[in-house]
Amino acid sequence: MTPNPISPTIPLDSDGIHHGFLRMPYSRDDSAWGSIMIPLTVIKNGDGPTALLTGANHGDEYEGPVALQELTVTLKPEDITGRVIIVPAFNYPAYRAALRTSPIDKGNMNRAFPGRPDGTPTEKIADYFQRVLLPMADIAVDFHSGGKTLDFVPFAAAHILEDKANEAACFAAMAAFNAPYSVQLLEIDNVGMYDTAVEDMGKVLVSTELGGGGSATAKSIAVAKKGLRNVLIHAGILKGEMQIDPTVRLDMPDGDCFVFSEDDGLYEPMVDLGEQVSQGDVVARVWPVDRTGIAPIEYRAKVTGLLISRHFPGLIKAGDCAAVIGLNVG
Ligand SMILES: [Zn+2]
């Protein structure tokens with residue numbers, strides 16, 4: 001198969017701490033023999049498990065990049081056994097443009113797997129992770145939040161998998177991450193996802209949704225930092241004791257958890273994040289933007305549970321996700 005054109009500027013398998021880049025050649029108008037330089041830190045101390053840590057899979061989600069930037073300046077080789085590979089901005093072109101998808105090719109990293117070595121920049125990054133970085137990893141943490149268009153209660157997530165042994169390992173890692181909320185979910189449309197690539201390789205994955213709105217808060221960043229540290233301890237890489245606090249367990253078993261708008265208009269949330277809703281409750285209303293004197297369209301919960309996500313901008317379009325409800329477990 002065609003080799004991937006990306007090359008690391010630092011060794012991936014030498015003891016110590018190395019800061020550098022994944023360099024991807026990208027010839028373009030403003031740089032004929034130019035490259036895209038994706039920041040990378042590798043910290044290694046002897047033999048042990050490898051953790052692959054990624055933020056900004058979507059470029060406008062910020063808890064991961066902040067927590068991972070901090071890890072690159074605080075984690076010392078002598079603190080660990082094994083290896084930590086840190087890529088704070090997985091879809092680096094998207095991150096630099098503060099967009100969900102790449103401005104170069106419109107690539108959505110979480111729909112680009114397994115990627116192509118001869119494809120677009122997004123597909124090349126995906127292929128490099130698929131064939132080079134992921135095979136080195138035992139456990140992966142991939143940080144997400146809602147980006148500019150959604151907001152979430154802070155949760156760690158793990159998928160319902162056919163491989164029950166790997167599912168149990170992923171659930172244990174999610175519990176170790178110990179976000180305020182822990183969500184088990186059945187992915188309905190998992191083709192092309194990084195998550196699926198990790199899980200299909202039999203590796204352990206923790207994913208998150210920690211906030212949203214196109215920024216981050218001190219609280220949501222604290223969740224990311226604590227979760228990272230806990231997962232590294234859980235994986236046997238970092239020494240120390242995990243900090244475990246109460247978590248609310250939720251289930252997203254099917255599409256009934258989602259409420260989609262069928263109208264363009266002015267979005268009125270009727271319930272706030274973290275609040276309990278019952279089946280049939282109005283969770284959002286959509287008002288006309290172009291006239292007065294018209295009643296709003298009501299959107300109702302199809303299930304009873306807790307509001308874990310909502311549309312973020314003040315205006316909504318037909319097809320946008322208006323609200324997501326998680327089912328209480330236990
Ligand atoms: Zn995301």
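Residues numbered from 1 in each chain as written. Predicted model: local features only at pLDDT ≥ 70, side-chain atom pairs only at ≥ 80, totals over all residues. Heavy atoms only, no water.

Trainee: What should I look at first to understand the overall build of the protein in this one?
Mentor: Tallying secondary structure elements over the protein gives six helices and 19 strands in all. Once the C-alpha set of the protein is aligned to its principal axes, its extents read approximately 65 × 50 × 35 Å. Scored against the burial criterion, the 330 residues of the protein give a buried share of 52%. Here the contacts in the protein between residues at least 6 apart in sequence split such that 70% fall between residues at least 24 apart. Side chains of the protein give 27 positive and 42 negative charges; the mean places of these two sets differ by 5 Å. (Helix = DSSP H or I, 4+ residues; strand = E, 2+ residues; numbered from the N terminus. Buried < 20%, exposed > 50% of the residue type's maximum accessible area, 1.4 Å probe, protein only. Contact = heavy atoms within 4.5 Å. Lys, Arg positive; Asp, Glu negative; His and termini not counted. Charge placed at Lys NZ, Arg CZ, Asp CG, Glu CD.)

Trainee: Help me understand the sheet that holds strand E15 (residues 282-287) in this model?
Mentor: Pairing between the strands of a sheet comes from backbone hydrogen bonds, and it takes one of two forms, parallel or antiparallel. Taken together, four strands build an open sheet; the order of strands is E16-E15-E13-E18 and the sheet is antiparallel. Bordering the open sheet on either side are strand E16 (297-300) and strand E18 (315-316), each of which pairs with just one other strand. The sheet contact formed by strand E13 (residues 265-269) and E15 spans four bridges and is antiparallel. Paired with proline 269 across the bridge in E15 is alanine 284. (Pairing = 2+ DSSP bridges.)

Trainee: Which parts of the structure should I look at to understand the domain arrangement of the protein?
Mentor: How big an interface is tends to be reported as the loss of accessible area on association of its parts. The domain architecture assigned to the protein consists of domain 1 (7-251) and domain 2 (253-328). Its C-alpha centre places domain 1 at a distance of 30 Å from the equivalent point of domain 2. The partner domain 2 presents 18 residues to the 14 residues of domain 1 that form the contact. Approximately 1300 Å² of surface area, both sides summed, lies buried where domain 1 meets domain 2, with 67% of it carried by carbon and sulfur atoms. Taken as a group, Asp151, Leu250 and Asp251 account for 38% of the area that domain 1 buries against domain 2, more than any other trio of residues on that side. Taken together, the links from domain 1 to domain 2 amount to zero salt bridges. (Domains from an automatic or database assignment. Buried area = accessible area lost by both parts, 1.4 Å probe. Salt bridge = Lys/Arg side-chain N within 4 Å of Asp/Glu carboxyl O.)

Trainee: Help me understand the coordination of the zinc ion, please; the structure alone is not making it clear to me.
Mentor: Protein coordination at the zinc ion: the donors are His58 (ND1), Glu61 (OE), Glu61 (OE) and His144 (ND1), at 2.0 to 2.3 Å from the metal. Classification of the site at the zinc ion as irregular follows from its four donor atoms and the range of 56 to 151° in their angles at the metal. When the donor residues of the zinc ion are listed from N- to C-terminus, their spacing reads H-x2-E-x82-H. Residue histidine 58 is found in the loop between strand E4 (50-54) and helix H1 (63-74), and its partner histidine 144 is found in the loop between strand E6 (139-142) and strand E7 (150-152); the two are separated by 86 residues along the sequence. Of the two residues, histidine 58 and histidine 144, neither departs from the other in class, the shared state being buried. (Donors = N, O, S within 2.8 Å, 3.2 Å for Na, K, Ca; no water. Tetrahedral: all angles 85-135°; square planar, octahedral: opposite > 155°, others 65-115°.)

Trainee: For this particular structure, what's the right way to read the pattern of salt bridges?
Mentor: Working definition: two side chains of opposite charge can pair if their charged atoms are close together. Under the criterion given, the structure shown has 12 salt bridges. Aspartate 118 serves as the salt-bridge partner of arginine 116, at 3.2 Å between the closest nitrogen and oxygen. Here arginine 300 and glutamate 298 are joined by a salt bridge, their closest N and O atoms 2.7 Å apart. We classify arginine 300 as partly exposed; its relative accessible area is 44%. Relative accessible area serves as the criterion here: at 39%, glutamate 298 is assigned to the partly exposed category.

Trainee: What is the right way to read the layout of surface pockets from this model?
Mentor: Any space left empty among the atoms is revealed by the rolling of a water-sized probe across them. Of the volumes computed, that of the largest pocket is approximately 950 Å³. As for the largest pocket, its lining consists of 39 residues, and the residues nearest its centre are Arg100, Arg111, Glu187, Glu209 and Phe258. For the lining of the largest pocket, the elements supplying multiple residues, two or more each, are E7, strand E8 (155-159), strand E10 (204-209), strand E12 (258-260), strand E17 (305-311) and strand E19 (321-328). Looking at the lining of the largest pocket, its residues break down into 14 nonpolar, 13 polar and 12 charged. Residue contributions to the lining of the largest pocket reach at least three from each of two domains, namely domain 1 (7-251) and domain 2 (253-328). (1 Å grid on protein atoms, 1.4 Å probe; cavity = no way out; pocket = protein on both sides within 12 Å on 5 of 7 lines; lining within 4 Å. Points joined across faces, edges and corners; volume = space filled by probe spheres on them. Nonpolar A, V, L, I, M, F, W, Y, C, P; charged D, E, K, R; others polar.)

Trainee: Looking at this structure, how should I read the packing of helix H4 (residues 164-177) against helix H6 (residues 218-234)?
Mentor: Between H4 and H6, the shortest axis-to-axis distance is 7 Å and the interhelical angle comes to 130°. Relative to H6, the element H4 is oriented oblique. Crossing of H4 over H6 shows right-handed handedness. Where H4 abuts H6, its residues Ala172, Ala173, Ala176 and Phe177 lie against Val223, Ala224, Lys226, Gly227, Leu228, Asn230, Val231 and His234. (Axes fitted to C-alpha atoms, helices over the stretch in contact; angles between N-to-C directions. Parallel < 35°, antiparallel > 145°, perpendicular 65-115°, else oblique. Left-handed = near helix turned anticlockwise from the far one by under 90°.)

Trainee: In this structure, what is going on with a nonpolar patch on the surface? I would like to understand it.
Mentor: A cluster of nonpolar side chains, contributed by Leu266, Val289 and Leu315, occupies part of the molecular surface with about 290 Å² of accessible area. Summarising the element assignment, leucine 266 is placed in strand E13. (Patch = residues over 30% accessible without salt bridge, like charges linked within 9 Å, V, L, I, M, F, W, Y side chains within 5 Å. Areas by Shrake-Rupley, 256 points an atom, 1.4 Å probe, with all protein chains shown as cover.)

Trainee: Would you take a moment to explain H6 for this structure?
Mentor: For an α-helix, 3.6 residues make a turn, and residues three or four places apart therefore share a direction. End to end, H6 covers 24 Å across 17 residues, agreeing with the expected 24 Å (1.5 Å per residue, within 8%). Restricting attention to buried positions, one finds in H6 the residues Ser220, Ile221, Val223, Ala224, Lys226, Gly227, Leu228, Asn230, Val231, Leu232 and Ile233. (Expected span 1.5 Å × (residues − 1).)

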